Amino acid sequence: MAVPGSTDREPRPHPELAGRTALVTGAGRRVGRAVALHLARRGCRIAVHVGASLDAGQALVDELRRSGRQAELFPADQRSVAEIEAACDAAEEHFGGIDLLVNSAALWPKAELESMTQEDFDLALEVNLRGPFFFARRLGLAMRERGRGAIINIADVSGDRPFVDSLPYCAAKAGLVSITYGLAKALAPKVRVNAIGPGPILFPEGYPAEAADRDRRATLLGREGSPDDIAAAVEYLATAPNVTGVLLPVDGGYRFGI
């Protein structure tokens, strides 16, 4: 039954999320933005992390505030541990603690095996593996001390089905899954740590149309997913009290079709 004044596009606050604070990395664009908006609509206060996308991050904060929600911007270079920890400190001070971390920020540098450089390799691992780890360590330890919290890492189906033109990215995402399992053990029983494995979602700018069609056909469902699919999975893992140490594929069966 519909609730007067509500719409399907505007979900009501979730009792397990209302009043909680979520820090979403890479929240200015793409999947991170969708996750931040979804969690805000479900009742979370949002600590918006961005790297270089300052304008996009501030635009999201302004949008959330106009809709009556609490949000603040906390920029940090994902490659700098010092900046990550400073952003976490500032977010905790501003909101009085972080209840949920969603590690969504990522970079997908493509490099052919023959032309790959050390800089290509290092950039992929620094942004996609080292950065999420230090966000999770800093906030996970604080959550454990407070006695509650959840961490959700956005991995990738390519972690165990690597793309040959972006091997460092795939290696980093595989490492993020391993870190998820390890942190679930290290931070238990107070903090739950899980990962999501997206498949084809929001093809990068300039991605060849024939490659996008191939990827869609490779899924069991015959289509690409949407950022909202990932946001819904984040909500589930954020509110599932008996789920920790898992990788949840949200890929339309892509891992079986490639």
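As a reminder, the structure under discussion sits directly above these lines.
Every value quoted in this text rests on a predicted model; they were computed, and no experiment measured them.

1. Quick word on helix 4 (residues 118–146)
For helix 4, with 29 residues, the first-to-last C-alpha span of 40 Å sits near the 42 Å given by 1.5 Å per residue. The largest bend in helix 4 is about 40 degrees, located at Glu-126. A positive phi of about 95 degrees marks Gly-147, the residue just after helix 4.

2. Details of the state of the cysteines
By definition, a disulfide is the covalent link that joins the sulfur atoms of two cysteine residues. Per the counting criterion, the structure on display carries 0 disulfides. Cys-44 supplies the cysteine sulfur nearest to Cys-88, a cysteine that is in no disulfide, at a spacing of 16 Å.

3. Thoughts on a nonpolar patch on the surface
Together, Leu-113, Val-164 and Leu-167 make up an exposed nonpolar region whose accessible area comes to about 290 Å². Note that Leu-113 resides in the loop between strand 4 (100–103) and helix 4.

4. Some remarks on the sheet that holds strand 4
The strand order across the open sheet formed by 7 strands is 3-2-1-4-5-6-7, and the pairing between neighbours is parallel. The sheet is open, and its two borders are formed by strand 3 (71–75) and strand 7 (247–250), each paired with just one other strand. Taken pair by pair, the neighbouring strands of this sheet meet at an average axis angle of 20 degrees, ignoring direction. Two strands pair when backbone bridges link them, and strand 5 (residues 149–154) and strand 6 (residues 191–198) are joined in this way by 6 bridges, in the parallel orientation. Considered in strand 6, the bridge of Ile-154 is made with Ile-196. Each of strand 4, strand 5, strand 6 and strand 7 touches helix 7 (residues 227–239); the most contacted strand, strand 6, lies at about 160 degrees to it.

5. Regarding unusual backbone geometry
Here Ala-188 and Pro-189 are connected by a cis peptide whose omega angle stands at 5 degrees. With respect to the helices and strands, the residue Pro-189 is situated in the loop between helix 5 (167–187) and strand 6. In this structure, Arg-30 takes a positive phi of about 55 degrees despite not being glycine. Structurally, Arg-30 is set in helix 1 (residues 30–41).

Definitions and limits used
- Residues numbered from 1 in each chain as written.
- Predicted model: local features only at pLDDT ≥ 70, side-chain atom pairs only at ≥ 80, totals over all residues.
- Heavy atoms only, no water.
- Helix = DSSP H or I, 4+ residues; strand = E, 2+ residues; numbered from the N terminus.
- Expected span 1.5 Å × (residues − 1).
- Bend = angle between axes of the 7 residues up to and from the residue.
- Disulfide = S-S within 2.5 Å.
- Patch = residues over 30% accessible without salt bridge, like charges linked within 9 Å, V, L, I, M, F, W, Y side chains within 5 Å.
- Areas by Shrake-Rupley, 256 points an atom, 1.4 Å probe, with all protein chains shown as cover.
- Salt bridge = Lys/Arg side-chain N within 4 Å of Asp/Glu carboxyl O.
- Pairing = 2+ DSSP bridges.
- Axes fitted to C-alpha atoms, helices over the stretch in contact; angles between N-to-C directions.
- Contact = heavy atoms within 4.5 Å.

No statement about biological role is implied by the geometric values presented.
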